[in-house]
There are 2 protein chains.
Amino acid sequence: MSTTYRVTGMTCGGCARSVEAAIKAEAPAASVSIDLGTATITVDGADEAQVKKAVDGAGFDFQGAA
Amino acid sequence: MSTTYRVTGMTCGGCARSVEAAIKAEAPAASVSIDLGTATITVDGADEAQVKKAVDGAGFDFQGAA
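Rules and cut-offs
Residues numbered from 1 in each chain as written. Chains lettered and ligands numbered in written order. Predicted model: local features only at pLDDT ≥ 70, side-chain atom pairs only at ≥ 80, totals over all residues. Heavy atoms only, no water. Least-squares fit on C-alpha atoms with pLDDT ≥ 70 in both. Contact = heavy atoms within 4.5 Å. Buried area = accessible area lost by both parts, 1.4 Å probe. Salt bridge = Lys/Arg side-chain N within 4 Å of Asp/Glu carboxyl O. Nonpolar A, V, L, I, M, F, W, Y, C, P; charged D, E, K, R; others polar. Helix = DSSP H or I, 4+ residues; strand = E, 2+ residues; numbered from the N terminus. Pairing = 2+ DSSP bridges. Axes fitted to C-alpha atoms, helices over the stretch in contact; angles between N-to-C directions.

### Here's the deal with the relation of the copies chain A and chain B
Note on the copies: chain A fits chain B at an RMSD of 0.0 Å, the axial shift is 0.0 Å, and the rotation between them is 180 degrees. A rotation of that kind, with that shift, is consistent with a two-fold axis. Minimal C-alpha distance to the rotation axis in chain A is attained by A:Cys15, lying at 2.5 Å. The residues that chain A uses at the interface reappear at the interface of chain B in 100% of cases, marking a shared surface.

As structure tokens, then:
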């Protein structure tokens, strides 16, 4: 089951790649899709606590479920 | 003592912030300065292995000492 979260502070493809890498470091099997235009990420295979830890640790702003 | 490393893949301030956050997660007392124009980062208070782990883990490309 995938969940979509709002994440602010991502402004380019490098940011998106960084968020994806951080989530996969927490949950290696996770699937991550990032939409910079809507500032949302959709994640399958990681729980909210893992996603929040990864996003915050990567220097972006986790805003909870979108 | 600070050391300067080449890191590629950073394209905006969000990327720079992400690299800095990742290094500080490895070495909380580290001081980090990032120059996007020259693709270099200057780090004090973390060793090269910590910097490499942080940069690679954040989805950017650690290229060694500049």
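### A few points about the interface of chain A and chain B
Taken together, the 14 residues of chain A in the interface contact 14 residues of chain B. Buried surface at the junction of chain A and chain B, both sides included, amounts to about 900 Å², of which 47% is carbon and sulfur. By the criterion of area lost to chain B, the three top residues of chain A are A:Arg17, A:Ser18 and A:Gly59, representing 38% of everything that side buries. Our count for the contact surface shared by chain A and chain B stands at 0 salt bridges. Class assignment for the residues of the side of chain A that touches chain B results in 6 nonpolar, 6 polar and 2 charged.

### Details of the pattern of salt bridges
Summed over all chains, the structure comprises 6 salt bridges over all chains. Close ionic contact of A:Glu20 with A:Lys24 constitutes a salt bridge, the shortest N to O distance being 3.2 Å. Here A:Glu20 and its partner A:Lys24 are both found in helix 1 (residues 13-26), 4 residues apart, which amounts to about one turn of the helix. For the salt bridge of B:Lys52 with B:Asp56, the shortest nitrogen-to-oxygen distance reads 2.6 Å. You can see B:Lys52 and its partner B:Asp56 sitting in helix 2 (residues 48-57), 4 residues apart, about one turn around the helix.

### A few points about the pairing of strand 1 (residues 2-8) of chain A
Residues and elements named next belong to chain A. Note that strand 1 and strand 3 (residues 40-44) share 5 bridges and pair antiparallel. If you follow threonine 4 over to strand 3, its bridge partner there is threonine 42. Here strand 1 pairs with strand 4 (residues 61-65) via 3 bridges, running antiparallel. Its bridge partner being in strand 4, threonine 8 is matched across the sheet by aspartate 61.

### Quick notes on the sheet that holds strand 1 (residues 2-8) of chain B
Residue and element names in this part refer to chain B. The antiparallel open sheet is built from 4 strands, whose spatial order is 2-3-1-4. Both outer strands of the open sheet, strand 2 (31-35) and strand 4 (61-65), are each paired with one neighbouring strand and no more. In this sheet, adjacent strand axes meet at a mean angle of 25 degrees when their direction is disregarded. Of the strands in this sheet, strand 2 and strand 3 (40-44) are in contact with helix 1 (residues 13-26), which crosses strand 2 at around 155 degrees.

Read these as spatial facts, not as claims about activity.
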